[in-house]
Amino acid sequence: MNPGGNLRPLRGVDRLADVLDRYRELASRVDAGVSHLVGAHRSRMKCAAGCAACCTRISVLPVEWYIVRAVIGADAMTDLNEKSNSPPRALVSHPPPNPCGFLRDGVCSIYRDRPLVCRVHGLPLRYRVVSYDETGVVSDDAFTTVWCDLNFTGQDPNRPTFTDGECFDMNALNTELDALNAAFLRTAAGHRFAGKHGVFLCDGSA
Ligand code: SF4
């Protein structure tokens, strides 16, 4: 992903309220896609409360950090560089390194409003692989797939057997999120995040 690169402004998205509306609409589509894939992989998905293996050093774009903090009633600006979230109090199965600050006793404390990247946890995820050299992007037509070993045991890392339709398209999601973030950074609320490309969920550091 190339944050901010080659992005066109989203048409009709100029105000913070517009950004929030578009984010909610995107979240609905992500949830629908996730629901479809969870159904398709139902026999292999073991995700459940108590497993937090995915809840590790994840970062989100400023627009999602702002929205998550706003939804839970925190001031996204003043908390940006503070370690405001205590670590999980209880050990969970598969405890992650650098656990997310929103984990509480092994459970996501903001589950209903969790970032989009958290909604695809556990599924096979397809990413576009972008190669660069000194002249810029030289190739973006290769894809790679990642998946949770706890769900999809026995997959050969060198020859995964997932089809495109069995994977969540992270390239499409990240492209939309990049565009939304670019729109957010143009709003008054977004100006405070200028120059920040991501915020880590583990401690709120940018
Ligand atoms: S926000 Fe919730 S689901 Fe996402 S990494 Fe943190 S605890 Fe896990």
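Above this text sits the structure in question.
These numbers were taken from a predicted model, which means no experiment stands behind them.

Q: So what's going on with the site of the ligand? Residues and values would help.
A: Around the ligand, the structure places Cys 55, Ile 58, Cys 100, Phe 102, Leu 103, Cys 108, Ile 110, Arg 114, Pro 115, Cys 118 and Leu 201. Residues of the shell around the ligand, tallied by class, amount to ten nonpolar, no polar and one charged.

Q: Outline the nonpolar core, listing residues and values.
A: In terms of nonpolar packing, the biggest core is built from 38 residues, with Val 19, Val 63, Phe 168, Leu 180 and Phe 184 touching the most fellow members. The set of elements that each furnish at least two residues to this core consists of helix 1 (16-40), helix 2 (62-71), helix 3 (116-119) and helix 4 (170-185). Here this core takes eight residues from helix 4, the largest share from any one element. Those residues in contact with Val 19, other than ones at most four positions away along the chain, are Val 13, Val 63, Leu 180, Ala 183, Phe 184 and Thr 187.

Q: Which residues make up the environment of Asn 181, and what values do they have?
A: Considering the arrangement of structural elements, one finds Asn 181 in helix 4. Judged by the 26 C-beta atoms lying within 10 Å of it, Asn 181 is buried. Counting along the chain gives 118 residues from Asn 181 to Val 63, while the straight-line C-alpha distance between them is 5.2 Å. In this view, Asn 181 contacts Leu 61, Pro 62 and Val 63; residues no more than four positions away in its chain are not counted.

Cut-offs applied
- Residues numbered from 1 in each chain as written.
- Predicted model: local features only at pLDDT ≥ 70, side-chain atom pairs only at ≥ 80, totals over all residues.
- Near = placed C-beta within 6 Å.
- Nonpolar A, V, L, I, M, F, W, Y, C, P; charged D, E, K, R; others polar.
- Core = buried A, V, L, I, M, F, W, Y, C linked by C-beta atoms within 7 Å.
- Buried ≥ 20, exposed ≤ 12 C-beta atoms within 10 Å, placed from the backbone.
- Helix = DSSP H or I, 4+ residues; strand = E, 2+ residues; numbered from the N terminus.
- Contact = placed C-beta atoms within 7 Å.

Remember that the coordinates give geometry; whether it matters functionally is a separate question.
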